[in-house]
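# Structural features, examined
Read off the chains here:
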Amino acid sequence: MLYIKCPYCGLRAQKEFSYGGDATVKRPNINEEVSREDWDNFVYMRKSPRGKHIELWQHIAGCRQWIKVQRDTATHEIFQTAKVTEEIR
Amino acid sequence: MSQPFRLNKEGLINRNKKISFTFNGKKLFGYEGDTIASALIANGIHLVGRSFKYHRPRGFFGAGVEEPNAKFQVEFNGHSEPNVNATEMELVEGLSATSQNCWPSVNFDVGAINNFLKMFFPAGFYYKTFMWPKSFWYKIYEPFIRKAAGLGVASIEKDKERYEHKFEYCDLLVTGSGPSGLASAYAAAKNGAKVILAEDKPRFGGTLLTDDVSIDNLSGKDWAEKIITELKSMPNVTVKNRSQVFGYYDHNMLVMFERVSDHLEKKSKFTPRQRLWYIRAKETILSTGSIERPIVFGNNDTPGIFLSAAAKEYMKVYGVLVGKKPLIFTNNDSAYETALEFKKNNVEPIILDTREEHSSELVDEAKSKGIDIRFSHGVIVANGYKKVKSAKIGKLNKDKNSFEKIETIDCDCICVSGFWTPSVHLASQSGNKLKYEEKIDAFIPDKKKQHETSVGAANGSFTLEESLKHGFENGSNLSAKITETKTEISIPNVNEKKYGAHDKFWCMPLPKNENPKRFVDFQNDVSVSDIEIALREGYRSIEHVKRYTTLGMATDQGRTSNLNGLQLVSNIENKIVPEVGHTTFRPPFTPITIGTIVGREVGMEYMPTRKTPMHEWHEKNNAVFVDAGAWKRPRYYKQGSENLFEASKREAKNVRENVGICDVTTLGKIDIKGPDAAEFLNRVYTNAWMKLPVGKARYGLMLREDGIVMDDGTTTRISENHYHMTTTTAQAANVLSHLEYYLQIVWPELNVNVVSTTEQWAGAAIAGPKSRDMLSKLYPDLDVSNDALPFMGYKEAEFFGVPSRIFRISFSGELAYEINVKSDHGMFMWEKMMEVGKEFGNQPYGTEALSTLRIEMGHVAGPELDGRTIPSDVSLNGLVSKKKDFIGKNSLGREAFNVESRQKIVGLIPIDRKSSIPEGSHIVQDQNAKLPNPKLGHVSSSCWSVENNNPFSLAIMKDGKNMIGKKFFAVSPLKNKSIEVEVISSHYVDPEGKRVRS
Ligand SMILES: [Zn+2]
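Keep in mind that what you see is a predicted model, and the values were worked out from it rather than measured. Numbers given for residues are sequential positions, taken from 1 along each chain in its written order. Chains carry letters from A onward and ligands carry numbers from 1 onward, assigned in written order. With pLDDT at 70 or above as the cut-off, local features in this predicted model cover only qualifying residues; side-chain atom pairs require 80 or more to be listed or tallied, and sums for whole chains, interfaces and linings still use all residues. Only hydrogens and water are removed before side-chain values are computed, so all heavy atoms of the structure are retained for them.

### Comments concerning the overall build of chain A
Going along the chain from the N terminus, every DSSP run of H or I of four or more residues is numbered as a helix, and every run of E of two or more is numbered as a strand. Assigned secondary structure in chain A consists of 1 helix and 6 strands. Element order for chain A, N to C, with α for helix and β for strand: β-β-β-α-β-β-β. With the C-alpha coordinates aligned to their principal axes, the bounding extent of chain A is approximately 40 × 30 × 25 Å. To sort residues, take the accessible area from a 1.4 Å probe on protein chains only and compare it with the maximum for the residue type: under 20% means buried, over 50% means exposed, and anything in between is partly exposed. Residue burial in chain A is summarised as follows: out of 89 residues, 42% are buried. By sequence separation, contacts in chain A at least 24 residues apart represent 42% of the contacts at least 6 residues apart. Computed with a 1.4 Å probe, the accessible areas rest on the Shrake-Rupley method; for each residue, only the protein chains presented here act as cover. Within the structure as shown, chain A displays about 5300 Å² of accessible surface, and the carbon and sulfur contribution to it stands at 47%. Counted as positive: Lys and Arg. Counted as negative: Asp and Glu. His and the chain ends are not counted at all. Charge coordinates come from a single atom per side chain, which is NZ of Lys, CZ of Arg, CG of Asp or CD of Glu. Taking the average location of the 15 positive side-chain charges in chain A and that of its 12 negative ones, the two points are 7 Å from each other. Contact definition: two residues touch when any of their heavy atoms are within 4.5 Å.

### Concerning the coordination of the zinc ion
Around a metal, the ideal angle is 109.5 degrees if four donors adopt a tetrahedral arrangement and 90 or 180 degrees if six donors adopt an octahedral arrangement. Residues and elements named next belong to chain A. Distances define the donors: N, O and S atoms within 2.8 Å of the metal qualify, as do those within 3.2 Å of Na, K or Ca. Water is excluded, so some sites may look unfinished. Donor atoms from the polypeptide that bind the zinc ion are Cys6 (SG), Cys9 (SG), His59 (ND1) and Cys63 (SG), placed at 2.0 to 2.3 Å. Metal-centred angles of 105 to 116 degrees between the 4 donor atoms at the zinc ion mark the site as tetrahedral. When the donors of the zinc ion are listed by position in the chain, the intervening gaps give C-x2-C-x49-H-x3-C. With Cys9 in the loop between strand 1 (3–6) and strand 2 (10–13) and Cys63 in the loop between strand 4 (52–58) and strand 5 (66–72), the pair connects residues that are 54 residues apart, well separated along the chain. Cys9 sits in the partly exposed class, given a relative accessible area of 27%. For four-coordinate sites, all angles between 85 and 135 degrees define a tetrahedron; for four- and six-coordinate sites, opposite donors beyond 155 degrees with the remaining angles between 65 and 115 define square planar and octahedral shapes respectively, and all other cases count as irregular.

### Here's the deal with the domain arrangement of chain B
Note that domain bounds follow an automatic or database assignment of domains. Domains assigned within chain B are domain 1 (14–130), domain 2 (163–290 + 422–495), domain 3 (294–418), domain 4 (610–657) and domain 5 (900–997). In this structure, domain 2 of chain B and domain 4 of chain B have C-alpha centres spaced 57 Å apart.

### A short note on the packing of aromatic side chains
Between rings of Phe, Tyr and Trp, where Trp is taken as its six-membered ring, a pair exists when centres lie within 6.5 Å; planes separated by under 30 degrees are stacked, by over 60 edge-to-face, and by other angles tilted. In the structure shown here, the tally under the stated rule is 27 aromatic pairs over all chains. Here Trp66(A) and Tyr741(B) contribute two aromatic rings whose centre-to-centre distance is 5.2 Å and whose plane-to-plane angle is 80 degrees, an arrangement assigned as edge-to-face. Placement of the pair is Trp66(A) in strand 5 and Tyr741(B) in helix 20 (residues 732–746), with the two residues belonging to separate chains. Where Tyr794(B) meets Phe807(B), the ring centres are 5.0 Å apart and the plane angle is 45 degrees; that geometry is what we call tilted. One end of the pair, Tyr794(B), is in strand 41 (residues 794–799); the other, Phe807(B), is in strand 42 (residues 802–807), and 13 residues separate them in sequence. A single burial state applies to Tyr794(B) and to Phe807(B), both of which are buried. Among the aromatic residues, ring-to-ring pairing joins Trp66(A), Tyr741(B), Tyr742(B) and Trp747(B) into one connected group. For a Lys NZ or an Arg CZ to count as sitting over a ring, it must be within 6 Å of the ring centre and within 35 degrees of the ring normal. A cation over a ring is seen here: Lys166(B) above Trp277(B), with NZ or CZ 5.2 Å from the ring centre. For Lys832(B), the ring lying beneath its charged end belongs to Phe800(B), and the centroid distance is 4.9 Å.

### Some points on helix 1 (residues 36–44) of chain A
Along helix 1 of chain A, the positions that sit buried rather than exposed are Trp39(A), Asp40(A), Phe42(A) and Val43(A). Along the long axis of helix 1 of chain A, the arc covered by the buried residues comes to 160 degrees, so they all point the same way. What the arc covers is the set of directions going from the helix axis to the C-beta atoms.

### Examining the pairing of strand 19 (residues 350–353) of chain B
Residues and elements named next belong to chain B. Of the two faces of strand 19, the one carrying Ile350 and Leu352 and the one carrying Ile351 and Asp353 are both buried. Crossover handedness for the path strand 18 (residues 326–330) to helix 8 (residues 334–344) to strand 19: right-handed. Two strands pair when backbone bridges link them, and strand 19 and strand 20 (residues 372–375) are joined in this way by 4 bridges, in the parallel orientation. By the bridge assignment for strand 20, Ile351 is matched with Ile373. Crossover handedness is defined by viewing with both strands directed away from the observer: a clockwise path from the first strand over the helix to the second marks the crossover as right-handed. Viewed along the sheet, the connection from strand 19 through helix 9 (residues 361–368) into strand 20 turns out right-handed. Two strands make a pair as long as DSSP finds a minimum of two bridges between them.

### Brief notes about the environment of Ile542(B)
Residue and element names in this part refer to chain B. Assignment of secondary structure puts Ile542 in helix 13 (residues 542–549). Separated by 485 residues in sequence, Ile542 and Pro57 have C-alpha atoms that sit 29 Å apart. Beyond its immediate chain neighbours, meaning those up to four positions away, Ile542 contacts Leu566, Val569, Val580, Gly581, His582 and Thr583.

Written out as structure tokens, the structure is:
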């Protein structure tokens, strides 16, 4: 079970969180024209990298904040966690 | 009754307390502190089981987790458990143990014929022998294998025992209380670290209990006791015996299995049987020790053959002799300690040492005590079927592959030692790639992957001095990094006997024309020839050899067999072991009970139960409940001998004719506040929200980004910047997360807050033509006329003195209202409604009637919004704004969503107007068509229309719009039904929606 550092609550067990997918995906702006291709890429196309991956988790049984987690998908090592408003390099 | 193999004084058992038990029906006794194994050996019993494949007689081989043979069906404390390791299970009064894998009995086993038919059971026999004819598998092969080769019987009774889970955090977890573990724990404890020390055996000390050593002039055992006593007195230390750390998971989480009360005769009601510990450790010391490995020789599985360290442990811990004419067969010094221990107890051993004439501290001591030592010797084959009687021994030539002399000598046990294998299982589980250490012919941990440090024998250091030194150093350094305190500890003086070099010898050759079985893996009956066959047949990868031969795949995980198997493969392949590699270690290290994994999460505790504030009233009024997620909802209120169908029909009919009330507390409720709330709702919902006035509700539909309907519900504008959203019961949690996602990540510029208020409000729906009359009695001071409180209107008013919210919304399609009060007032509200409603014919109705009412109105719910439908599929395209953007809008333009023949919601009625259509039925053109019969759609919801008094269903059907008036078949192979149906509109009752506005 992973041990995830919520930027608001500290280190908490994985079972308090729910996974939210790739954090680098950006939703096209509301009320703006978007091409079919860009929209489909946003909705459906995801990379599945082996190695470092920046992803979203929600501290669902805690502060309910969505957070960013940089994790190695092969080893589960977590390098960094951040608020969604912060950048992970 | 005497115990012929029990020593008079030696051992740590309590001779003052006799414990009686039975083995295969025979009444025996042992002492407090015995294991089943030690008690049986004390009674001279060695034949305890039959082997898995050949049903060969088997006896004890080890004294702990390494035991491959002695797995019993054990009955104690009123339950029956299979595969209990007899060398680990402590004796308790009244325990009854039975051999497994033998039929009809361990002494006479018909399966033993397999031993004489062994040409049929070579490596891969499952794959080869039972392949054909195929029809034989279920009726002949499988029952035969099951009966002849089962490993015990699982109980089918409900497990009455209590199991617990515990979550713990510590600075340092130490796994094993041998010398290096004790030293690590002690040093870390002295630095102020929070320490957990786990020992799988009942007694602490590991090899200190059996090795002839002294530390600071104390015996190993006394020193261990001193350290443990001190550790137990420290508030920052948890010391646990009977606790096996069996799994090493991500981010330094380890799982430990504690046998809390299996060894107790009596326990209090709430004492758990076993406990599972989830331990998050900042650092872990793996002081798991090592396991002796055997030397392979002919008939090396005969009862009476032991690992030499096990023989020593039986003497020193249990005061039991494994035999009185022992033959010690070794390639190293450690077995000399066993020989000396025999000698001390006036038993004369003979030592066969594969090394040429040899001298070391231990060997010299054995020589000086006059023990018969024969160098360059080994056991070729053990004689005796159910017990060792003699051994054919050979003097090896210099090539170690042929014999100078062969003779037979009498013996009643053979104690074998092929040197030591570090227990690297936990290190391997942590992700550590092991490395081969040629000095000890075994794998040891390599670079650490997590926060784990292996010390002592687990790390390949086999001297006490080194183990203690490593233990103290690592315990101190690792903990000092955490506590930032370093207490100096002087490393104690150690007195131990020095070992000479071991012989790299692991398998006895056979003389010409002799071919006894030489087992590598006892538990799975894998012999040298099986591995040879696998290699001959082309298997090369050790993982393939493992699976083909089943080497190391039994419950003992190959603890005594893995390295010998690897040696064999590398010898035949002319490779060295590191090139062959090792197979993967996986948790659990030792088998654990299913009960422990499950813990308290059974029955009532399986998941939380959510009850509405009116639950007790429902219970008192014969509600039959249905699970809605964790909620309990009344499905119907049973009157007299009514069944579900009759009751729900009565309740639904009463709503259509009079008035009914329904507990709708379980609906998800979300409070939405902030100056941008309207803009937010406008983006979340498909329809327009910017112009909803205060005091009005609106039905809303929300999509996922892929255009699929996510949820529906009403949202009411309570005040300027305050909205009250309702969701379906099932989607409440998802919708909240969904809203939070957009507010926190996508549109953080919107000044809006959302919070769940589901538990804060109790809700009741009042529905039916007489609902307004009833409402006016509930709120005598309020104008509830159609003008004052129109459809989708909202009011706040006092309900008999308590604040309440009134929403004029309807799920049933009737004139209806929903009243919310604070949860604490829920029961009061409900009882008042029941009282006031009497004169209007009010009756409570459950979810079944609720479904009936919405289905015949054509209102969609979960079964239609099933994660596959877009708004136009379920006739909700009127709610989809063309002017504004919203979540999922761009997806609605996708080609497949807009084809003419796209699926649509329709209504179905049976042609005979009688047959109910099972939900989930497939709609087909021709019920007799050849399979696969093309599916045109499926039935999503079914009811008995109380309005029209015949069955009615909703269905999602391809090209549904154009199917109205046509006839099809609804077939349900599950219910074995095929019903001819006609397609009609999904709005079966009041298609214009007049009633809700009346
Ligand atoms: Zn948090």
